[in-house]
Amino acid sequence: MKIPFLDLTAQYQSIRGEITAEIDKVIAANAFAGGAFVDRFEEAFARYCQCEHAVGVGSGTEALWMALLGCGIKPGDEVITTPSTFIATAEAISLCAATPVFIDIDEDSGNMDPNLLAAAITPKTRAVIPVHLYGQTADMGPILDIARRNNLIVVEDACQAHGAEHGEKRAGSMGDAGCFSFYPGKNLGAFGEAGAVVTSNAALAEKLRMFRDHGQRAKYFHAMIGWNARMDGVQGAVLSVKLNYLEKWTAARRKNASLYNAMLAGLEEVETPKEAEGNRHVYHIYAVRVDNRDRLMSFLAEQGVSCGIHYPTPVHLQEAYAFLGHKKGSFPRAEKHAETVLSLPMYPELSEPQICYVAETIRAFFRGKRQRLKTHLEKKAPGAEVCQPRISSDAGVA
Ligand SMILES: *Cc1c(COP(=O)(O)O)cnc(C)c1O
């Protein structure tokens, strides 16, 4: 059996007719850059995110950068975030000439640990970016509380968390702004690059609409220095069609996650993801944690199962951020996370037999490992007591 990490073709096949009809309309209307198809998507997506406004832009990275600029982040400011994220979160801060300040993560969720937030605040701190890693919202209660008490802006990096919920609240609606990516592999994926900022702050939305269109207030009247960050019309049309299916796809992802959880249950070497109480995790990524990550990943690849690592190097150890002076050991939990995390195949169209095959292959890997250990120990010291609990843990594993 061959199981890809992601299968975009399966999804396309299921909605092909609708998509091509909409793209045809964009072409007929010559509505290529911004325009009515983008407007329509923005309205629907804002509603979906429980926000007043959505501003479509060119990518999730652009959404983060523009949200920070729009919230007034200036050179020399400090912005607190997590090192366990895609580098774009930190890049957006750096592109404002501000400084990313990292705090370590909560081990269970991989998200920013709010207990470390207050201590990282200095007189230069202006904002905090919680990242809803893998599709589960960060612990927003204490984060919003501390931010409010310290006058900090909160920009949510919801690039992996379309439709995720924290209590009654949708991802992106809790901070001053929420940033989304519609990169093709994301839960809501465009046919190219796209992103959006959502907010219920009308003045911020207005500023972002101007900024993404060269600071234009009216045609050729430029009120501010902006940028070209318009969303393509084709992407607006594709995303409008796909948004209608997002809840169904999210339900399928959640079902797949619970199948994985059930099929991997009791395997002591594998830690399955935990959904915090009151959260709706949307499983952009289904990541397990294992000690022998690289060997397990190669074994799975040999058996036809493609996995991913999100992410192999935490941002504070990236060469690009060497100038911040962090070292190995600066954020031990984020570093351990990067060493042990393994993303299993996850997409709505994944079938139960496929999930079963992945889980059984993982079980076979650890069974083989235990068997090799047992043989090794018996050769060295027949019946070695000390390791018995580890090597006899096959109960319920077959
Ligand atoms: C995908 C992603 C981004 C960047 O989005 P792009 O659309 O690729 O620019 C930022 N942050 C996180 C957490 C992401 O997963």
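Residues numbered from 1 in each chain as written. Predicted model: local features only at pLDDT ≥ 70, side-chain atom pairs only at ≥ 80, totals over all residues. Heavy atoms only, no water.

### Observations regarding the site of the ligand
Right, on to step 1. Taken together, 15 residues lie near the ligand, and Gly60, Thr61, Gln160, Ser181 and Lys186 sit nearest.
Right, on to step 2. Contacts to the ligand include glycine 60, whose backbone N or O atom sits 2.7 Å from an oxygen atom.
Right, on to step 3. A distance of 2.9 Å separates a nitrogen atom of the ligand from a polar side-chain atom of aspartate 157.
Right, on to step 4. For the ligand, the protein covers 93% of the area, taking 380 Å² as the surface of the free molecule.
Right, on to step 5. Listed by contribution, the elements that provide at least two residues to the shell around the ligand are α3 (60-70) and α4 (88-95).
Right, on to step 6. Element by element, the count of residues in the shell around the ligand is highest for α3, at three residues. (Near = heavy atom within 4 Å. Polar contact = N/O pair within 3.5 Å; in protein donor to acceptor, adjacent residues only side chain to side chain. Areas by Shrake-Rupley, 256 points an atom, 1.4 Å probe, with all protein chains shown as cover. Helix = DSSP H or I, 4+ residues; strand = E, 2+ residues; numbered from the N terminus.)

### Considering unusual backbone geometry
Right, on to step 1. Note that the residue after histidine 310, namely tyrosine 311, is joined by a cis bond; omega there is 5°.
Right, on to step 2. Mapped onto the elements of the fold, tyrosine 311 is located in the loop between α10 (293-302) and α11 (332-340).
Right, on to step 3. Phi is positive for asparagine 30, which is not a glycine, with a value near 50°.
Right, on to step 4. If you trace the backbone, asparagine 30 turns up in the loop between α1 (8-29) and α2 (36-48).

### What to know about the environment of asparagine 279
Right, on to step 1. As for its placement among the helices and strands, asparagine 279 is situated in strand β12 (residues 279-280).
Right, on to step 2. For asparagine 279 and aspartate 139, which are 140 residues apart along the polypeptide, the C-alpha to C-alpha distance reads 9.4 Å.
Right, on to step 3. Residues contacting asparagine 279, with those up to four places away along its chain left out, are Gln136, Thr137, Glu165 and His166.
Right, on to step 4. A polar side-chain atom of asparagine 279 sits 3.1 Å from a polar atom in the side chain of glutamine 136. (Contact = heavy atoms within 4.5 Å.)

### Looking at the side chain of arginine 253
Right, on to step 1. In this structure, arginine 253 sits in helix α9 (residues 246-264).
Right, on to step 2. Buried charge without a salt bridge: arginine 253, with glutamate 349 as the nearest opposite-charge side chain at an N-O distance of 6.7 Å.
Right, on to step 3. Among the polar contacts listed, one links the side chain of arginine 253 to the side chain of asparagine 187, at a separation of 3.5 Å.
Right, on to step 4. Excluding residues that lie within four positions of it along the chain, arginine 253 makes contacts with Asn187, Val282, Tyr283, His284, Met346, Tyr347 and Pro348. (Buried < 20%, exposed > 50% of the residue type's maximum accessible area, 1.4 Å probe, protein only. Lys, Arg positive; Asp, Glu negative; His and termini not counted. Salt bridge = Lys/Arg side-chain N within 4 Å of Asp/Glu carboxyl O.)

### Remarks on the pattern of salt bridges
Right, on to step 1. Under the definition given, this model contains 18 salt bridges.
Right, on to step 2. Residue glutamate 22 pairs with lysine 25 through a salt bridge whose shortest N-O separation is 2.6 Å. Of the two residues, glutamate 22 and lysine 25 are both situated in helix α1; the distance of three residues between them amounts to about one turn of the helix.
Right, on to step 3. Relative accessible area serves as the criterion here: at 10%, glutamate 22 is assigned to the buried category.
Right, on to step 4. Where salt bridges share partners, they join Glu165, Arg170, Glu247 and Arg280 into one cluster.

### Thoughts on the sheet that holds strand β3 (residues 99-102)
Right, on to step 1. Taken together, the seven strands give an open sheet; going across it, the order is β1-β9-β8-β5-β4-β2-β3, and neighbouring strands pair in mixed fashion. The sheet terminates laterally at β1 (53-57) and β3, the two strands that pair on one side only. The mean angle between the axes of side-by-side strands here comes to 25°, regardless of whether they run parallel or antiparallel.
Right, on to step 2. Note: strand β4 (residues 125-128) against strand β5 (residues 153-157), two bridges, orientation parallel. (Pairing = 2+ DSSP bridges. Axes fitted to C-alpha atoms, helices over the stretch in contact; angles between N-to-C directions.)

### Comments concerning the packing of aromatic side chains
Right, on to step 1. Going through the model one piece at a time under the given rule, you end up with 16 aromatic pairs.
Right, on to step 2. Aromatic side chains phenylalanine 102 and phenylalanine 331 sit 6.3 Å apart centroid to centroid with 80° between the ring planes, which places their arrangement in the edge-to-face category. With phenylalanine 102 in strand β3 and phenylalanine 331 in the loop between α10 and α11, the pair connects residues that are 229 residues apart, well separated along the chain. Like phenylalanine 102, the residue phenylalanine 331 is buried in the burial classification.
Right, on to step 3. Ring-pair connections join several aromatic residues into one group, and the members of that group are Phe41, Phe45, Tyr48, Phe180 and Phe182.
Right, on to step 4. Taking NZ or CZ as reference, arginine 170 lies 4.4 Å from the ring centre of tyrosine 48, over its face. (Phe/Tyr/Trp six-rings, centres within 6.5 Å; stacked < 30°, edge-to-face > 60°. Lys NZ or Arg CZ within 6 Å of the ring centre and 35° of its normal.)

### Things to note about the packing of α10 against helix α12 (residues 352-380)
Right, on to step 1. Contact pair α10 / α12: the axes reach a minimum separation of 10 Å and the direction vectors enclose 125°. In terms of orientation, α10 lies oblique with respect to α12. Two packed elements cross with a definite hand, and for α10 against α12 that hand is right-handed. Across from Arg295, Leu296, Phe299 and Leu300 in α10, the residues of α12 making contact are Val358, Thr361, Ile362, Phe365 and Phe366.
Right, on to step 2. Among the residues forming the contact of α10 with α12, the class breakdown is seven nonpolar, one polar and one charged. (Parallel < 35°, antiparallel > 145°, perpendicular 65-115°, else oblique. Left-handed = near helix turned anticlockwise from the far one by under 90°. Nonpolar A, V, L, I, M, F, W, Y, C, P; charged D, E, K, R; others polar.)

### Concerning the sheet that holds strand β7 (residues 169-170)
Right, on to step 1. Spatial strand order, β7-β6-β12: three strands in an open sheet with antiparallel pairing. What marks the edges here is a single partner per strand, and that holds for β7 and β12.
Right, on to step 2. Two elements, strand β6 (residues 165-166) and β12, share two bridges in a ladder whose sense is antiparallel. Each bridged residue has a counterpart across the sheet, and for glutamate 165 the counterpart in β12 is arginine 280.

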